[in-house]
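Listed below are the residues making up each chain.
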Amino acid sequence: MGYLGYFPEDFLFGVATASYQIEGAWNEDGKGESIWDRFAHTPGNILDGTTGDVACDHYHCFAEDVALMQELGVSAYRFSISWPRVLPSGKGAVNEKGLAFYRRLIEKLKEAGIKPVVTLYHWDLPQALQDRGGWESEETVEAFAEYARLLFATFGDDVHLWITHNEPWVVAFIGNYEGRHAPGKRDFQAALRVARNLLLAHGHAVRVFREVNPKGAIGITLNLSPVHPLTEEQEDREAAWRFDGYLNRFFLDPLFRGQFPEDMLTFYRKKGFILEPFTEEERALVAQPLDFLGINYYSRHVVRKGEEPVLETGEHQNPYVERSDMGWEVYPRGIYEIVERVTKEYQPQTIYITENGFAFPDTLQNGTVNDERRIAYLRDHLLWLYQTLEAGYPVKGYFVWSIMDNFEWAFGFSKRFGLVYIDYATQQRIPKRSFFFYREVIRRRSIR
Ligand code: IFM
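Overview of the structure. All of these numbers come straight from a predicted model, not from anything done at the bench. (Residues numbered from 1 in each chain as written. Predicted model: local features only at pLDDT ≥ 70, side-chain atom pairs only at ≥ 80, totals over all residues. Heavy atoms only, no water.)

1. Re the site of the ligand
In the region of the ligand, the neighbouring residues are Gln 21, His 122, Trp 123, Asn 166, Glu 167, Tyr 298, Trp 328, Glu 355, Trp 401, Glu 408, Trp 409 and Phe 417. With respect to the ligand, the side chain of His 122 contributes an N or O atom lying 2.8 Å from an oxygen atom. Between the ligand and Trp 409 there is a distance of 2.9 Å, counted from an oxygen atom to a side-chain nitrogen or oxygen. Taking 280 Å² as the accessible area of the ligand by itself, protein coverage stands at 95%. Of the residues assigned to the shell around the ligand, the class counts are six nonpolar, three polar and three charged. (Near = heavy atom within 4 Å. Polar contact = N/O pair within 3.5 Å; in protein donor to acceptor, adjacent residues only side chain to side chain. Areas by Shrake-Rupley, 256 points an atom, 1.4 Å probe, with all protein chains shown as cover. Nonpolar A, V, L, I, M, F, W, Y, C, P; charged D, E, K, R; others polar.)

2. With respect to the packing of helix α3 (residues 58–72) against helix α5 (residues 96–111)
For the pair α3 and α5, interaxial distance at closest approach is 10 Å and the crossing angle is 15 degrees. Classed by the angle they form, the pair α3 and α5 counts as roughly parallel. For the pair α3 and α5, the sense of crossing is right-handed. For the pair α3 and α5, the contacting residues are His 58, Tyr 59, Phe 62, Ala 63, Val 66 and Met 69 in the first and Lys 97, Phe 101, Arg 104, Leu 105, Lys 108 and Leu 109 in the second. By residue class, the composition of the contact of α3 with α5 is eight nonpolar, one polar and three charged. (Axes fitted to C-alpha atoms, helices over the stretch in contact; angles between N-to-C directions. Helix = DSSP H or I, 4+ residues; strand = E, 2+ residues; numbered from the N terminus. Parallel < 35°, antiparallel > 145°, perpendicular 65-115°, else oblique. Left-handed = near helix turned anticlockwise from the far one by under 90°. Contact = heavy atoms within 4.5 Å.)

3. A few points about the pattern of salt bridges
Tallied over the entire structure, the rule returns 38 salt bridges. Among the salt bridges present, the one from Arg 373 reaches Glu 322, with a minimum N-O distance of 2.9 Å. Here Arg 373, found in helix α14 (residues 372–390), pairs with Glu 322, found in the loop between β9 (313–315) and α13 (333–346); they are 51 residues apart in sequence, far enough to count as distant. Judged by relative accessible area, which is 32%, Arg 373 ranks as partly exposed. We note a salt bridge from Arg 379 to Asp 380, for which the minimum N-O separation is 3.1 Å. One continuous salt-bridge network, built from bridges that share partners, spans Asp 362, Asp 371, Arg 374, Asp 405, Arg 416 and Lys 432. (Salt bridge = Lys/Arg side-chain N within 4 Å of Asp/Glu carboxyl O. Buried < 20%, exposed > 50% of the residue type's maximum accessible area, 1.4 Å probe, protein only.)

4. A look at α13
When the terminal C-alpha atoms of α13 are compared, their 20 Å separation across 14 residues agrees well with the 20 Å that a helix rising 1.5 Å per residue should span. Taken across its 14 residues, α13 has 10 buried, putting it largely inside the fold. For α13, every residue scored as buried is listed here: Gly 334, Ile 335, Tyr 336, Glu 337, Ile 338, Val 339, Arg 341, Val 342, Thr 343 and Tyr 346. Summarising the contacts, the buried residues of α13 are in contact with β6 (227–229), α10 (234–257), β7 (292–296), β10 (351–355), α14 and β11 (395–401). Just past α13, the residue Gln 347 takes up positive phi, approximately 45 degrees. (Expected span 1.5 Å × (residues − 1).)

5. Some words on the environment of Phe 144
Residue placement: Phe 144 occurs in helix α7 (residues 138–155). Overall, Phe 144 belongs to the buried group, its relative accessible area being 0%. Between the alpha carbons of Phe 144 and Glu 232 there is a distance of 44 Å; along the sequence they are 88 residues apart. Those residues in contact with Phe 144, other than ones at most four positions away along the chain, are Trp 83, Leu 120, Tyr 121, Trp 135, Thr 164, His 165, Ala 201, His 202 and Ala 205.

6. Notes on the packing of aromatic side chains
The tally for this structure, following the rule as stated, stands at 52 aromatic pairs. Between Phe 188 and Tyr 268, the aromatic rings sit 5.3 Å apart at their centres with planes inclined by 50 degrees, giving tilted as the arrangement. Residue Phe 188 is found in helix α9 (residues 188–212), and its partner Tyr 268 is found in helix α11 (residues 262–270); the two are separated by 80 residues along the sequence. Sitting over the face of the ring of Phe 101, Arg 85 holds its NZ or CZ atom 6.0 Å from the ring centroid. Above the ring of Trp 241, the side-chain terminus of Arg 249 is found at 3.6 Å from the ring centroid. (Phe/Tyr/Trp six-rings, centres within 6.5 Å; stacked < 30°, edge-to-face > 60°. Lys NZ or Arg CZ within 6 Å of the ring centre and 35° of its normal.)

7. Section: the nonpolar core
Within the largest apolar cluster, 160 residues are counted, with the highest numbers of intra-cluster contacts made by Phe 173, Tyr 268, Tyr 398 and Tyr 438. Ranked by residues supplied to this core, first place goes to α9 with 13 residues. Tyr 438 has contacts with Phe 13, Gly 14, Val 15, Leu 72, Val 74, Tyr 398, Val 400 and Leu 419, leaving out every residue within four places of it along the chain. (Core = buried A, V, L, I, M, F, W, Y, C linked by side-chain atoms within 4.5 Å.)

8. Here we look at the environment of Leu 378
When you line up the elements, Leu 378 lands in helix α14. Judged by relative accessible area, which is 1%, Leu 378 ranks as buried. Spatially, the C-alpha atoms of Leu 378 and Gly 357 are 6.8 Å apart, while their sequence positions differ by 21 residues. The contacts of Leu 378, once residues within four sequence positions are left out, are Asn 356, Gly 357, Tyr 398, Val 400, Leu 419 and Phe 437.

9. A word on the pairing of β7
For β7, the buried fraction is high: five of the five residues fall into the buried class. Of the two faces of β7, the one holding Phe 292, Gly 294 and Asn 296 and the one holding Leu 293 and Ile 295 are both buried throughout.

10. As for the sheet that holds β6
Spatially, the three strands line up as an open sheet ordered β6-β8-β9, and their pairing is mixed. With partners counted over all chains shown, the strands left at the sheet margins are β6 and β9, one partner each. Pairwise comparison of adjacent strand axes, ignoring direction, gives a mean angle of 40 degrees for this sheet. Direction of pairing for β6 relative to strand β8 (residues 301–305): parallel, over a ladder of three bridges. Following the sheet pairing, Pro 229 is matched in β8 by Val 303. Against the sheet, α10 makes contact with β6, β8 and β9, and its axis sits at roughly 125 degrees relative to β8, the strand it touches most. (Pairing = 2+ DSSP bridges.)

Structure (structure tokens):
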């Protein structure tokens, strides 16, 4: 893979989390109910029957967690703010105790010399807004802009990077089409409406950010993957391109070109769905210049023509490749492919890899976790990431998902992604071997 040098000094090495997955304290200090509280409390929705009520109890253990990050040596910590913790009904009355928690966290990070990177929306919508239509409704779009204003005004100058949404594709399609995430709908038309509104809400938040004009930078995080056709047959190639339109271009095109991809507009229309193209005014809102694009990269998709009812695609599950505990193929080269493609086709100013990580059923043995496969995964992705720098692509940071094991949505606690093992019975935190591997990478700014 060529000469392996050093990551630049200003390259951010970080770790990432999200509020519902780690905080717990689901109804403490005035926090309102979120759609994930409601969804996880509904029997049958979470594989192991657990909830995020306590999770990693980060709400109470945050000082210990920041100390671990300091020991790890990261320069940035990406976390999300729980909307109903600061605005219990989604809008209107502010919960000062909720804001105070994030103030304490940001202070601790500052003391530790770690830059806060804040996601506004990582899936825990206030239930009060969902009750009035959630992301299908314009009311939520407006409420999001006000929520963003509150956060920019309160923490504006202390936050290094702001991320409007985390993975809007997952919010729209896993939450509203596949129904595996809150709010648990199975309605493709609803998912399209949600996706459109998420993009508009993003645009409003960016506009508010430019008005308030705090010190930091603003962008959005998308889950992106290379999509490869299973064979060279025309039908498979068309299926792969459609899947790419569904997953990648559906968000990239509006954000960087102001409009949904023409082929997807036509395809959905043919299928009988309503997807309004953005008006001129909306285009200007959605495609405002961003300071950076966040990319969450885990795996690729190998696609063929198939039985999926809307897209008529199928995913090929090659039994001969390595997979994580999520069933996702380990494909390190994909991090390079996606950065290269996005740089060439969309020219974002800066790219951050805002998530990358590996789930494995880790076990504690003699007080430690020897997570060799996670180390190999991270090493190989960092090797390919380094190649993107050599190629001159504008990648300025990398965040491991996650600093610690946490509540993996519909899988509950059955999937472990952390550099730190959580003993959920005692809330004890135990750094895994990958923690020390990453610490060495950060210390040397190199994989050597
Ligand atoms: O845990 C999630 C995270 O919330 C969003 N990106 C993918 C991770 C692993 O599934």
